[in-house]
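Overview (structure and organization)
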Amino acid sequence: MRAIAFTGNSNSGKTTLIEKLTLYLKINFPNKRVSIIKHDPKDKATLDTPGKDSARFFQTGADIAIRGATQTTLRFHKNLSIDSLIDYFEEYDYLFVEGLKELSLPRICVARDYFDERFLPYIQAIAIDPTLKKELLNSYKLPILDLNNAQQILEWINANIKEL
């Protein structure tokens, strides 16, 4: 399994990117299994609400876990450790994690409009859209990926992320 986490400020496009990657895999590599873990530190995720992250992820065909402060939604009534969730998905080809910056996984920072330098210690690449000038990020010496190009990002993941 290739596991990678996505980090970034609220509304930066993390959910949309994970959704695009998952749909890209489903269309172009239908035999690949994708799993997603979403961090919900305030336990406010609602399932099956149209347009919300968890519903959008599920609609891509991925199996998901939403890890909150007091519960984990695969529909357990207790909080599961992140390690047990990763173990649960070990037979999948890809694991995409939204958030959980304390988790030691390779990470792509999703940035629009501006790049938050607080993420630098945790990331291996930055995915941006045209609202952010690539030249402003050159000094960080990290790969700069096109946030709107799922194929390019997946190619980077496949080339740079080792199998667990």
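Presented here is a report on the structure given in the accompanying data block. Keep in mind that this is a model prediction, so the values were computed, not measured.

This structure, assessed with the given rule, holds six aromatic pairs. Their ring planes at 70 degrees and their centres at 5.8 Å tell us that F6 and F96 sit as a pair that is edge-to-face. Taken together, the residues F6 in strand β1 (residues 2-7) and F96 in strand β5 (residues 94-98) connect sequence positions 90 residues apart. We note that F6, like F96, is buried. Measuring from ring centre to ring centre gives 5.9 Å for Y94 and F96, while their planes differ by 35 degrees; the resulting arrangement is tilted. Among the residues examined, F96 registers a relative accessible area of 0% and is labelled buried.

Looking now at the nonpolar core. Grouped together as the largest cluster of nonpolar side chains are 26 residues, with contacts concentrated most on F6, L21, F96, I108 and I157. When residues of this core are traced back to their parent elements, those giving at least two are β1, α1 (14-28), β2 (34-40), β3 (63-68), β5, β6 (107-111), β7 (125-128) and α4 (150-160). For this core, the element with the highest residue contribution is α4, accounting for five residues. The residues touching L21, leaving out its near neighbours within four places in the chain, are F6, F96, A150, I153, L154 and I157. With 16 residues, the next largest nonpolar core counts M1, A3, A65 and I82 among its residues.

Our next topic: the pattern of salt bridges. Note that side chains of opposite charge can pair when their charged atoms are close. Scanning the model with the defined rule gives two salt bridges in all. Taking the shortest distance from any N to any O, the salt bridge between D116 and R118 comes out at 2.6 Å. The exposure class assigned to R118 is exposed, which follows from its relative accessible area of 57%.

Turning our attention to the environment of D93. Among the structural elements, D93 can be located in the loop between α3 (82-88) and β5. Put simply, D93 and R33 are 60 residues apart on the chain and 5.2 Å apart in space, counted from C-alpha to C-alpha. Not counting residues up to four positions away in its chain, the partners in contact with D93 are M1, R2, N31, K32 and R33. Reaching out from D93, the side chain makes a polar contact with the backbone nitrogen of R33 at a distance of 2.6 Å.

One non-glycine residue, N11, lies in positive phi territory at about 65 degrees. The topology assignment puts N11 in the loop between β1 and α1. Phi is positive for D113, which is not a glycine, with a value near 75 degrees. Among the secondary structure elements, D113 is positioned in the loop between β6 and β7. Owing to a relative accessible area of 58%, D113 belongs among the exposed residues under this scheme.

Calculation notes
- Residue indices begin from 1 for each chain and proceed along its sequence in written order.
- Local features in a predicted model are, by the rule used here, given only for residues with pLDDT of at least 70; side-chain atom pairs are given and counted only at 80 or more, and totals for whole chains, interfaces and linings are based on all residues.
- Working from all heavy atoms in the structure, the side-chain values ignore hydrogens and water.
- Stacked, tilted and edge-to-face are the three classes applied to pairs of Phe, Tyr and Trp rings, where Trp contributes its six-membered ring and a pair requires centres within 6.5 Å; stacked means planes under 30 degrees apart, edge-to-face means over 60, and tilted covers the rest.
- Labels follow the DSSP assignment, with helices taken as runs of H or I lasting at least four residues and strands as runs of E lasting at least two, numbered in each case from the N terminus.
- Only protein chains enter the accessibility calculation, which uses a 1.4 Å probe. A residue is then buried if its area is under 20% of the maximum for its type, exposed if over 50%, and partly exposed in between.
- The criterion is simple. A nonpolar core is a set of buried Ala, Val, Leu, Ile, Met, Phe, Trp, Tyr and Cys residues joined through side-chain atoms within 4.5 Å.
- Only heavy atoms enter the contact rule, under which two residues are in contact if any of them lie within 4.5 Å.
- For this document, the term salt bridge refers to a Lys or Arg side-chain nitrogen within 4 Å of an Asp or Glu carboxyl oxygen.
- Residues adjacent in sequence count toward polar contacts only when both atoms are side-chain atoms; beyond that, a polar contact is any pair of N or O atoms within 3.5 Å, and within protein one must be able to donate a hydrogen and the other to accept it.

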